[in-house]
Amino acid sequence: MSGSVMLGESSSWSRALVKISPYTFSAIGIAVAIGVSVLGAAWGIYITGSSLIGAAIKAPRITSKNLISVIFCEAVAIYGVIVAIILQTKLESVPASQIYAPESLRAGYAIFASGIIVGFANLVCGLCVGIIGSSCALSDAQNSSLFVKILVIEIFGSALGLFGVIVGIIMSAQASWPAKPV
Amino acid sequence: MYGFEAMTFNIHGGYLEAIVRGYRAGLLTAADYNNLCQCETLDDIKMHLSATEYGPYLQNEPSPLHTTTIVEKCTLKLVDEYKHMLCQATEPLSTFLEYITYGHMIDNVVLIVTGTLHERDVQELLEKCHPLGMFDSIATLAVAQNMRELYRLVLVDTPLAPYFSECITSEDLDDMNIEIMRNTLYKAYLEDFYKFCQKLGGATAEIMSDLLAFEADRRAVNITINSIGTELTRDDRRKLYSNFGLLYPYGHEELAVCEDIDQVRGVMEKYPPYQSIFSKLSYGESQMLDKAFYEEEFHYGVFFAYMRLREQEIRNLMWISECVAQNQKSRVHDSVVFIF
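Residues numbered from 1 in each chain as written. Chains lettered and ligands numbered in written order. Predicted model: local features only at pLDDT ≥ 70, side-chain atom pairs only at ≥ 80, totals over all residues. Heavy atoms only, no water.

Within an unreviewed UniProt entry, the label attached to chain B reads V-type proton ATPase subunit d2, and the organism entered is Citrus sinensis.

Naming follows an unreviewed UniProt entry, where chain A appears as V-ATPase proteolipid subunit C-like domain-containing protein of Citrus unshiu. Taken from UniProt, the Subcellular location (unreviewed entry) comment for chain A reads in full: "Membrane". If you open the UniProt record of chain A and go to Subunit (unreviewed entry), you find "V-ATPase is a heteromultimeric enzyme composed of a peripheral catalytic V1 complex attached to an integral membrane V0 proton pore complex." (UniProt positions renumbered as here; feature names shortened; annotations may be inferred.)

Laid out in structure tokens, this is it:
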């Protein structure tokens, strides 16, 4: 059944994969784009938030400045929302006869890949910014000259999410479904 | 390996770690110690301390201060901070924090038993106990006549119960046996703490094993030096050394046969980390170690290091107060260990 390969014929697993509707792949891509980005943002916010609250007990002056770390994490979730909205505008219906045409498959896979790129890039970016933000709060509480220096590190960290968004948008730009037959 | 705990440590430990780092900012600095060392009377000390974080605790003391009052109030501050952290902590951090106090419990138990042996009043002894090591039913320790009763009446309900399996005998308690009991209990406690930290894994296990190994080695050397010239046999001495640490097992073999301080020094010289500190066999190096363990983030070693640093600070304050009270200011710098 699954393991048997006949000469000249593709195995049934690859045939099964090709038979999955491109709509499924697109929908999963969109879901991952927003879902996993928000996971990354939330993870980052709780990491930085818990340290910020504790450190602010002895050094209340750090609270307003260090909210920047939380904002950087939040930006990651916003990237996910933007890309998910862009991706869902790319999703079009194709007539039933064309649904497994190579062009359709290509469009479906492009949207899927774009979603995964953005989702996972934002996941790690959110984590990164969260951990740095936590250290930033703790060091700022001890020595306020360190804040700006650690903020620079955070800015580099948040650029990671931006890379993911750029590549994801380029990927989805060429997701073109087959035109309806005249 | 470290690194991946940063992702989940803050769920339960983030707030408390931030608090303990805030407390660390309140430890006395070298400048504070310099000021304190130049004080002429205990009232000056009180005035200087009121500018530090100890202020609220010493404010309401009436004027003829005693050194014991200063030490008591500072210890009270440590206890308040500890209790605050303990009530906010979840497992396994709360168990970790409780482990830190078992050493004090052992000291309290030994204090009461020794005091009873010398016919002191129980209330007086209770006041001298360290507050971090108190537990309910501690007063009934005064009733016990030998170790078996001690265990059966009181200690079986405390966290110290599992440490007794190695040292229950039916002999009556006397000075020698009590010291042996103290050291045996402490050995069992250190090993238990070590195993607990190993189970926690990650950065906590690595860092705590260094700290506890140093503690174990320090006690081994102390036991050796203190038992030179007493009736403690070599086998008994070896039984009191813990089963981990840099000196285990070869160092322990050598230490067990030492008969005087020069031999001990000879043994220690084979272990490079301990060569330089051997001359000040006090708390100096452990403070450097404790301070270094504040550098890493996301592990429990900071809590242990903080408690130790605070205790050292209280010892410093006691030394300074005693020197001032007895007018021996030239000796102040002998024993004060600067932390920052």
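Don't stop here, the text continues.
Colleague: Honestly, the interface of chain B and chain A in this entry has me stumped. Any pointers?
Modeller: Taken together, the contact between chain B and chain A spans 18 residues of the former and 16 residues of the latter. Carbon and sulfur atoms supply 61% of the area that chain B and chain A bury against each other, a total of about 1,300 Å² over both sides. Looking only at chain B, the three residues that lose the most surface to chain A are Met-7, Asn-10 and Tyr-15 of chain B, adding up to 37% of its buried area. If you look at where chain B meets chain A, you find one salt bridge. Residue Lys-58 of chain A pairs with Glu-53 of chain B through a salt bridge whose shortest N-O separation is 3.6 Å. Taken together, the residues of the side of chain B that touches chain A break down into nine nonpolar, four polar and five charged. (Contact = heavy atoms within 4.5 Å. Buried area = accessible area lost by both parts, 1.4 Å probe. Salt bridge = Lys/Arg side-chain N within 4 Å of Asp/Glu carboxyl O. Nonpolar A, V, L, I, M, F, W, Y, C, P; charged D, E, K, R; others polar.)

Colleague: Is there a simple way to explain the nonpolar core in this structure?
Modeller: Soluble globular proteins tend to pack their nonpolar side chains together in the buried interior. In this structure, Phe-96, Phe-193 and Phe-303 of chain B are the most contacted members of the largest nonpolar core, which totals 78 residues. Only α1 (9-24), α2 (30-37), α3 (42-50), α5 (67-88), α6 (93-117), α9 (175-200), α10 (202-227) and α16 (301-325) of chain B provide two or more residues apiece to this core. The element best represented in this core is α6 of chain B, accounting for twelve residues. In contact with Phe-193 of chain B, not counting residues within four places along its chain, are Phe-96, Tyr-99, Ile-100, Met-208, Leu-212 and Phe-304 of chain B. In this structure, Val-94, Ile-99, Ala-107 and Val-165 of chain A belong to the second largest nonpolar core, which totals 15 residues. (Core = buried A, V, L, I, M, F, W, Y, C linked by side-chain atoms within 4.5 Å. Buried < 20%, exposed > 50% of the residue type's maximum accessible area, 1.4 Å probe, protein only. Helix = DSSP H or I, 4+ residues; strand = E, 2+ residues; numbered from the N terminus.)

Colleague: How should I be thinking about a negative patch on the surface in this particular structure?
Modeller: Residue and element names in this part refer to chain B. On the surface, a cluster of negative charge is contributed by Glu-72, Asp-121, Glu-124 and Glu-127. Inspection of the secondary structure puts Asp-121 in the loop between α6 and α7 (122-128). Relative accessible area serves as the criterion here: at 45%, Asp-121 is assigned to the partly exposed category. (Patch = residues over 30% accessible without salt bridge, like charges linked within 9 Å, V, L, I, M, F, W, Y side chains within 5 Å. Areas by Shrake-Rupley, 256 points an atom, 1.4 Å probe, with all protein chains shown as cover. Lys, Arg positive; Asp, Glu negative; His and termini not counted. Charge placed at Lys NZ, Arg CZ, Asp CG, Glu CD.)

Colleague: Any chance you could explain the UniProt feature "transmembrane region" (unreviewed entry) in chain A here in plain terms?
Modeller: Residues and elements named next belong to chain A. As recorded in UniProt, the feature "transmembrane region" (unreviewed entry) lies at residues 20-46, 67-87, 107-134 and 146-171. Secondary structure content for residues 67-87 is 100% helix and 0% strand, and the end C-alpha separation is 31 Å. Counted over residues 146-171, helix gives 100% and strand 0%. Its end C-alpha atoms are 39 Å apart.

Colleague: What am I meant to see in the environment of Gly-157 of chain A here?
Modeller: All names here are of chain A. In this structure, Gly-157 sits in helix α5 (residues 146-173). Look at Gly-157 and you get buried, because its relative accessible area is 6%. Along the sequence, Gly-157 and Gly-126 sit 31 residues apart, while their C-alpha atoms lie 8.6 Å from each other. Setting aside residues up to four positions removed in sequence, Gly-157 forms contacts with Cys-125, Cys-128 and Val-129.

Colleague: In this structure, what is going on with the UniProt feature "domain: V-ATPase proteolipid subunit C-like" (unreviewed entry) in chain A? I would like to understand it.
Modeller: Residue and element names in this part refer to chain A. In this numbering, the UniProt entry assigns the feature "domain: V-ATPase proteolipid subunit C-like" (unreviewed entry) to residues 28-87 and 112-171. In residues 28-87, the share of helix is 95% and the share of strand is 0%. The end C-alpha atoms are 11 Å apart. Strand forms 0% of residues 112-171 and helix 95%; the C-alpha atoms that close the span are 10 Å apart.

Colleague: Help me out: how do you make sense of the pattern of salt bridges in this one?
Modeller: Any two side chains of opposite charge can pair, given that their charged atoms come close. Across all of its chains, the model carries ten salt bridges over all chains by this definition. Note that Lys-65 of chain A and Asp-140 of chain A form a salt bridge whose closest N and O atoms lie 4.0 Å from each other. Of the two residues, Lys-65 of chain A is situated in helix α3 (residues 62-90) and Asp-140 of chain A in helix α4 (residues 102-142); the sequence distance between them amounts to 75 residues. The partner of Arg-21 of chain B in a salt bridge is Glu-17 of chain B, and the shortest N-O contact between them spans 3.1 Å. Pair noted here: Arg-21 of chain B and Glu-17 of chain B are both in helix α1, with a separation of four residues, about one helical turn. Relative accessible area serves as the criterion here: at 1%, Glu-17 of chain B is assigned to the buried category.

Colleague: How should the packing of helix α2 (residues 22-58) of chain A against α1 of chain B be read in this particular structure?
Modeller: Between two packed helices, the angle of one axis relative to the other and the distance separating the axes together describe the packing. At their nearest, the axes of α2 of chain A and α1 of chain B sit 7 Å apart, and the two run at 25° to each other. As judged from the angle between their axes, α2 of chain A and α1 of chain B are roughly parallel. Judged by the twist between their axes, the crossing of α2 of chain A over α1 of chain B is right-handed. Residue-level contacts link Tyr-46, Ile-47, Ser-50, Ser-51, Ile-53, Gly-54, Ala-55, Ile-57 and Lys-58 of chain A of α2 of chain A to Asn-10, Ile-11, Gly-14, Tyr-15, Ala-18, Ile-19, Gly-22 and Tyr-23 of chain B of α1 of chain B. In terms of residue class, the contact of α2 of chain A with α1 of chain B is built from ten nonpolar, six polar and one charged. (Axes fitted to C-alpha atoms, helices over the stretch in contact; angles between N-to-C directions. Parallel < 35°, antiparallel > 145°, perpendicular 65-115°, else oblique. Left-handed = near helix turned anticlockwise from the far one by under 90°.)

Colleague: What is the right way to read the environment of Ile-111 of chain A from this model?
Modeller: The residue Ile-111 of chain A is located in helix α4 in this model. Not counting residues up to four positions away in its chain, the partners in contact with Ile-111 of chain A are Ser-26, Gly-29, Ile-30, Leu-87, Lys-90, Leu-91, Ala-175 and Trp-177 of chain A.

Colleague: Honestly, the packing of aromatic side chains in this entry has me stumped. Any pointers?
Modeller: The relation between two aromatic rings is expressed through the spacing of the ring centres and the mutual angle of the planes. Residues and elements named next belong to chain B. Inspection of every chain in the model, using the stated rule, returns 15 aromatic pairs over all chains. Both rings, one in Tyr-99 and one in Tyr-102, keep their centres 5.2 Å apart while their planes meet at 50°; by these two values the pair is tilted. Note that Tyr-99 and Tyr-102 are positioned in helix α6 at a spacing of three residues, about one turn of the helix. Overall, Tyr-99 belongs to the buried group, its relative accessible area being 9%. Judged by centre distance (5.9 Å) and plane angle (25°), the ring pair of Tyr-189 and Phe-193 falls under stacked. In this pair, Tyr-189 and Phe-193 both sit in helix α9, four residues apart, roughly one turn of the helix. Owing to a relative accessible area of 1%, Tyr-189 belongs among the buried residues under this scheme. Owing to a relative accessible area of 0%, Phe-193 belongs among the buried residues under this scheme. (Phe/Tyr/Trp six-rings, centres within 6.5 Å; stacked < 30°, edge-to-face > 60°.)

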